[in-house]
Amino acid sequence: MTTVSPAPPPSMRLRELAFGAACAAALRAAARLGVADALGDGPMAVEDLAAAVKTEPRPLRRLLRALTCYGVFAEHEDGTFAHTDMSRLLREDDPNSLRYITLWCTEPWTWNAWPKLDEAVRTGRNVVEDLYGKEFFTYLNEDAPESADVFNRAMTTSSRQSARDVAELLDLSGSSSVADIGGGQGHVVASLLEKYPSMHGTLLDLPPVVRNADPRLREGGALADRVRIVPGDCREAIPVKADVYIIKNILEWDDDSTARCLRNVVAAGGSGARVVVIENLVDDTPSMRFSTAMDLLLLLNVGGAKHTTKSMVDRITAAGLIIDDIRPVNPYLHAFDCSVPQ
């Protein structure tokens, strides 16, 4: 039976870290093959699992053994494999599925970009434009549609899962309107409208994004009569008036873009408006390893950054907002509750 080993000495731990790409590749392979989806509630023999996912049994055993070392699957003494709490998250039908997040973090472009991290650190510039001759999202949408689809699915999954936490955290009982700025498909505004039946909402994001808004918000949807969908770029202008503005996980661009977005929110909301900024942080959080890794990935692909508490506070206050409270939303998100001065 393969078990998770005790902590190795530093020399072996460094070797393991240097082989980190093997773990990422193994997770990607398991996700693409649908191993977790094919594995039932009970243990399965490798031969049966291989037949279900159309692979050879021997290399599949090797893949499963590697992932078992990280606690992703469990191997029993009779050689069968079973689910763990982590492997279930690779299932597409799990309500907390991380399948598309796993695929997004290991898309083909990432394997080309990571080896150039030293160059990005040296220059402070993203490397994707040098690799592909295009700005990152232009490259995705024009040259890598499969990766663009994975990105959209990953963001949808992440937004849907965190929207519940945001709606639970925020007390908007004294407000009549809320605007979700750069809100993707609108999961946050939808969750808030469901929580507050008399509230009206607005979703603002780029035209290709809002075209695929949550069905609840589109014509015929349960919330359609209480929401306005506005195509636009929050870095250019925010033609939306609301009592409360939500800005979630978008202030990761270069500093100029972040500043423009925050200034536009202040201008749109005016005196007394409430602005809630929700971000991953790279300090004071249980998700430091994940957040710092995403921070480096942002440096590689768009030249952006995850924030520390201080850097987020500095940018918010520089835009003219007053921070009234900072508190965790969940283990990987923090909310900065702010207001436009009277």
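In this text, all values refer to a predicted model and were calculated from it rather than measured experimentally.

Trainee: Mind showing me how you'd approach the packing of aromatic side chains here?
Mentor: Aromatic ring pairs are defined here through the distance separating the ring centres and the angle between the ring planes. Applying the stated criterion to the full structure yields 7 aromatic pairs. Centre to centre, the rings of Phe-136 and Phe-137 are 5.0 Å apart; their planes meet at 70 degrees, and the pair counts as edge-to-face. Judged by its relative accessible area of 1%, Phe-136 is buried. On the accessibility criterion, Phe-137 (34% relative accessible area) is partly exposed. Following the ring pairs from residue to residue traces out a cluster consisting of Trp-104, Trp-109, Phe-136, Phe-137 and Phe-151. Positioned over the ring face of Tyr-100 is Arg-99, at 5.2 Å from the centre of the ring. Across the ring face of Trp-253, the terminal group of Arg-235 is positioned such that the distance to the ring centre comes to 4.9 Å.

Trainee: How do you make sense of helix H12 (residues 145-169) when you look at a structure like this?
Mentor: Every α-helix winds through 3.6 residues per turn, so residues three or four apart in the chain are directed the same way. In this model H12 runs 35 Å from its N-terminal to its C-terminal C-alpha over 25 residues, within 8% of the 36 Å that 1.5 Å per residue would give. Its maximal kink placed at Ser-162, H12 deviates by approximately 25 degrees.

Trainee: Mind showing me how you'd approach the state of the cysteines here?
Mentor: Note on terminology: a disulfide is the covalent bond linking the sulfur atoms of two cysteines. Counted under the stated rule, the structure contains 0 disulfides. For Cys-23, which is in no disulfide, the shortest distance to another cysteine sulfur is to Cys-69 and amounts to 9.5 Å. For the unlinked cysteine Cys-261, the closest cysteine sulfur is that of Cys-234, found at 3.7 Å. By relative accessible area, which is 0% here, Cys-261 ends up buried.

Trainee: What should I look at first to understand the packing of H12 against helix H13 (residues 187-195) in this one?
Mentor: Each packed pair of helices is defined by two parameters, the angle between the axes and the distance between the axes. At a minimum axis separation of 8 Å, H12 and H13 run at an interaxial angle of 35 degrees. The way H12 lies across H13 gives a crossing that is right-handed. Along its contact with H12, which presents Thr-156, Ser-159, Arg-160, Ala-163, Arg-164, Val-166, Ala-167 and Glu-168, the element H13 presents His-187, Val-188, Ser-191, Leu-192 and Lys-195. Here the residues of the contact of H12 with H13 are counted per class, giving 5 nonpolar, 4 polar and 4 charged.

Trainee: Please explain unusual backbone geometry as it appears in this structure.
Mentor: The general pattern is negative phi for most residues beyond glycine and trans for most peptide bonds. At Lys-54, a position not held by glycine, the phi torsion is positive, near 60 degrees. Structurally, the position occupied by Lys-54 is in the loop between helix H4 (46-53) and helix H5 (57-68). In this structure, Asn-249 is a non-glycine residue whose phi angle is positive, near 55 degrees. With respect to the helices and strands, Asn-249 occurs in the loop between strand E6 (244-248) and helix H15 (255-269).

Trainee: So what exactly am I meant to see when it comes to the nonpolar core here?
Mentor: Soluble, globular proteins show a tendency: their nonpolar side chains are buried together. Leu-60, Leu-64, Phe-73, Trp-104, Trp-109 and Leu-140 are the most contacted members of the largest nonpolar core, which totals 41 residues. Those residues within four positions of Leu-60 in sequence are excluded, and the remaining contacts are Val-35, Val-46, Leu-49, Ala-50, Val-53 and Thr-55.

Rules used in this analysis
- Residues numbered from 1 in each chain as written.
- Predicted model: local features only at pLDDT ≥ 70, side-chain atom pairs only at ≥ 80, totals over all residues.
- Heavy atoms only, no water.
- Phe/Tyr/Trp six-rings, centres within 6.5 Å; stacked < 30°, edge-to-face > 60°.
- Buried < 20%, exposed > 50% of the residue type's maximum accessible area, 1.4 Å probe, protein only.
- Lys NZ or Arg CZ within 6 Å of the ring centre and 35° of its normal.
- Helix = DSSP H or I, 4+ residues; strand = E, 2+ residues; numbered from the N terminus.
- Expected span 1.5 Å × (residues − 1).
- Bend = angle between axes of the 7 residues up to and from the residue.
- Disulfide = S-S within 2.5 Å.
- Axes fitted to C-alpha atoms, helices over the stretch in contact; angles between N-to-C directions.
- Left-handed = near helix turned anticlockwise from the far one by under 90°.
- Contact = heavy atoms within 4.5 Å.
- Nonpolar A, V, L, I, M, F, W, Y, C, P; charged D, E, K, R; others polar.
- Core = buried A, V, L, I, M, F, W, Y, C linked by side-chain atoms within 4.5 Å.

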